[in-house]
Amino acid sequence: MVPRGVFRKVQLQMPKSLLEKQESGEERSSNALSTGKSGTSVLDQAQSALDDTGLSSMSTICPPPLNRQFWKSGSYHNEHSAKTSIQNGRNYLHVHPMFLHSNATSHKWVFGAIAELLDNAVDEIQNGAKFVIVDKTLNPRDGSPALLIQDDGGGMDPEALRQCMSFGFSDKKEKSAIGQYGNGFKTSTMRLGTDVIVFSRHVEDRVLTQSIGLLSYTFLMQTGQDRIVVPMVDYELNGSTGTLEMSRRFDREHFMANLSLLLQWSPYSNEADLVQQFDDIGSHGTKIIIYNLWFNDDGEMELDFDADPQDIRISGDIRKVETLPALKSVNEQHIANRLHYSLRVYLSILYLQMPESFKIVLCGQNVEHHNIADDLKYIEYILYRPQTAGFVEGEVVTTVGFLKEAPNLNIHGFNVYYKNRLILPFWRVVNYSTNLRGRGVAGVLEANFIEPTHNKQDFERTSLFQKLEVRLKEMTLEYWDYHCGLIGYQVSKKVRASKNAKNSSHSVPHGGHEKPILLGQSLPLTTSEAFGPVNIPDNRLKDEEAAKIVQEHKKLLAKCVEYEKSEKELSDKLAWLTSELGEAQREYSRLLGEARSLGPIKNENNVNIWSR
């Protein structure tokens, strides 16, 4: 649970100038819409995200009907195709509202869209974020369910919010940052619902700003827009009076036009309710509310908030497993199957590592972080270095073993992470047939040398990715051949224990990459083309205990390698900073010498200024 007191309410008085009659604002907005003159933000591709100079012209076509089924809602009949306009002497391409829907189709899976939004919150850990909340809330206009995602990160100032709402802009320069394409917010929110409103509070240089932005597919369709329009308003805290005031970035007419659209199309019908949404944000942070959530093809809301009060599920996506009746429950309840319909399960493995200081709170309960490597037995650590023309492209240590429930599971595959984020869960690189070779073998690795696709649910099919796929298949089959007898299978062919079984950390060249020698078990295994459960003799228990000790030793060695790598990176960074400091000191000495060589400088009254 989030500790009491995390949400600090900031009591700020609203100036009367911002609480005038809404009728006046709506009237101005109506006039502005009819004349095409308004200050509403327009996000055009290749256009500055801060150019809020005009509202797009209105189409003369009839508003299209709003289909709440996502995969059927992309029909937006408009005789006007994308067109260019000239602003400040430059040509710009307008982004049509249809692009919002087509762009969102990159998310085939609704949980993938939620994960995209959580990535932004996790990236805020470096700015002091302690939690992110995912929960159900209600649309006050009609009482319908809406999705809330809120964090206590640094928040966004007015410029940053406009950049967030723009296409293709990303200011995430840190190597550890997950986001990189500048498109995730738009694709994910529009995949979850037709409309999203964002509240963000930010403090910088003792200046507190509150910004609100609305991205509404409903508004764009109902009003027949021919390009994407995003209403935004900004407030600033007056330090001398302690009250919130309209930001001076734009004039009052601009503010009222945007505010009127927000009150008309957002869940909040008056300005006081709109500003009240900042009360639980605290001194800084961001709140995202996605409403008018999509329905599936069966006419049910895609997100199921009712099946489990402590979870959010995908409606009707509980997977049935074809297996023996006695093994049905253990297979269906395994994390590999539950992650496809349970958000709590999926979020528990979404990140490879999670700081103890940061919490993901789902439906009021903390999500317990789960490392899939903890579910493995008879673990091996295999170092993989893909090479191209003799050049090492990357390095990754893969943890591989049998799932604890093996051999009762028909589940296998590798969980591949990228920059700490799960991309492929239980990726099946081996399709076993009658001999079940590879059954129950699973692994975990962080492959930062390959690039994920835009939806972060797969990797780009590059040559490096194909090499990785081949190597993981080899790992699976090699591991099975050496260890299948430990879980009750007869081996299909005799394997020979390596001389270096006790020193398996070194490797030998193989096929353009490093292939470590697996830890073979010196057990009296028999050759047989058949398979089936067998009893493991008691005299093997000591061998198993020895193997566990060796594996624990190897695990510690792997951690040492990671620490040494981190130490080297820090050492290199220190050397670079020292070099930069030395260069700066030399430059300072040079400039100081030049200044002194000029001698004392005298003004017209012959006063020695240098001595001052």
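Preceding this section is the structure that the text describes.
Residues numbered from 1 in each chain as written. Predicted model: local features only at pLDDT ≥ 70, side-chain atom pairs only at ≥ 80, totals over all residues. Heavy atoms only, no water.

Here we take up the pairing of strand E6 (residues 193-204). Counting buried positions along E6 yields 10 of 12 residues, so the element is predominantly enclosed. As paired strands, E6 and strand E11 (residues 285-293) are joined by 8 bridges and run antiparallel to one another. Bridge pairing in E11 places Val-196 opposite Ile-290. Where E6 meets strand E7 (residues 207-216), 10 bridges bridge the pair, whose relative direction is antiparallel. Bridge pairing links Asp-195 to Ser-216 in E7. Between E6 and E7, which pair antiparallel in sequence order, lie 2 residues; one of them, Asp-205, sits at a positive phi of approximately 50°. (Buried < 20%, exposed > 50% of the residue type's maximum accessible area, 1.4 Å probe, protein only. Helix = DSSP H or I, 4+ residues; strand = E, 2+ residues; numbered from the N terminus. Pairing = 2+ DSSP bridges.)

Position of Ser-211 relative to the elements: it lies in strand E7. Only 2.9 Å separates the side chain of Ser-211 from the side chain of Asp-234, close enough to count as a polar contact. With near-sequence residues (within four places) excluded, Ser-211 lies in contact with Met-156, Asp-157, Pro-158, Leu-161, Val-198, Phe-199, Ser-200, Val-233, Asp-234 and Phe-278. (Polar contact = N/O pair within 3.5 Å; in protein donor to acceptor, adjacent residues only side chain to side chain. Contact = heavy atoms within 4.5 Å.)

Right, let's talk about unusual backbone geometry for a bit. Between Ala-406 and the following residue, Pro-407, the backbone shows a cis peptide bond with an omega angle of 10°. Looking at where Pro-407 falls in the secondary structure, it is placed in the loop between strand E19 (396-403) and strand E20 (413-418). Not every positive phi belongs to a glycine, and Ala-389 is a case in point at roughly 55°. By the secondary structure assignment, Ala-389 is in the loop between strand E17 (387-388) and strand E18 (391-392).

With that settled, consider the packing of aromatic side chains. Think of a pair of aromatic rings as described by two things: how far the centres are apart, and how the planes are tilted against each other in angle. Counted under the stated rule, the structure contains 13 aromatic pairs. Geometrically, the ring pair formed by Phe-459 and Phe-465 is tilted, given 6.0 Å between the ring centres and 35° between the ring planes. The class for Phe-465 is buried, based on a relative accessible area of 1%. What links up through ring pairs into an aromatic cluster is the set Phe-402, Tyr-479, Trp-480 and Tyr-489. (Phe/Tyr/Trp six-rings, centres within 6.5 Å; stacked < 30°, edge-to-face > 60°.)

Turning our attention to the sheet that holds strand E16 (residues 376-384). Spatially, the 5 strands line up as an open sheet ordered E16-E19-E22-E20-E21, and their pairing is mixed. A strand with exactly one partner marks an edge of an open sheet, and here the two such strands are E16 and strand E21 (421-427). Between one strand and the next, the sheet's axes are offset by a mean angle of 15°, whatever the strand orientation. As paired strands, E16 and E19 are joined by 7 bridges and run antiparallel to one another. Bridging across to E19, Leu-376 finds its partner in Leu-403. (Axes fitted to C-alpha atoms, helices over the stretch in contact; angles between N-to-C directions.)

Let us now look at helix H5 (residues 184-192). Across the 9 residues of H5, 9 count as buried, placing the element largely inside the fold. Taken as a whole, H5 has its buried residues at Gly-184, Phe-185, Lys-186, Thr-187, Ser-188, Thr-189, Met-190, Arg-191 and Leu-192.

Pairing between side chains of opposite charge can happen when their charged atoms approach one another. The full count for this structure, using the stated rule, is 17 salt bridges. The salt bridge partner of Arg-162 is Asp-234, with a shortest N-O separation of 2.9 Å. You can see Arg-162 sitting in helix H4 (residues 158-165) and its partner Asp-234 sitting in strand E9 (residues 232-238), a full 72 residues away along the chain. For Arg-162, a relative accessible area of 0% translates into the label buried. What makes Asp-234 buried here is its relative accessible area of 4%. (Salt bridge = Lys/Arg side-chain N within 4 Å of Asp/Glu carboxyl O.)

Here we take up the sheet that holds strand E5 (residues 145-151). Read across the open sheet, the 9 strands follow the order E10-E9-E7-E6-E11-E5-E4-E14-E15; overall the sheet is mixed. Each edge of the sheet is formed by a strand with only one pairing partner; in this case those strands are strand E10 (243-246) and strand E15 (365-366). Taken strand by strand, H4 contacts E6, E7 and E9, and its axis lies near 20° from that of E7. Of the strands in this sheet, E6, E7, E9, E10 and E11 touch helix H7 (residues 252-265), which is tilted by about 115° from E9.

A few words now on the side chain of Arg-439. With respect to the helices and strands, Arg-439 occurs in the loop between E21 and strand E22 (441-446). An unpaired buried charge is present at Arg-439: no salt bridge exists, and Glu-405, the closest side chain of opposite charge, is 11 Å distant. Among the polar contacts made by the side chain of Arg-439, one reaches the side chain of Tyr-489 at a distance of 3.4 Å. (Lys, Arg positive; Asp, Glu negative; His and termini not counted.)

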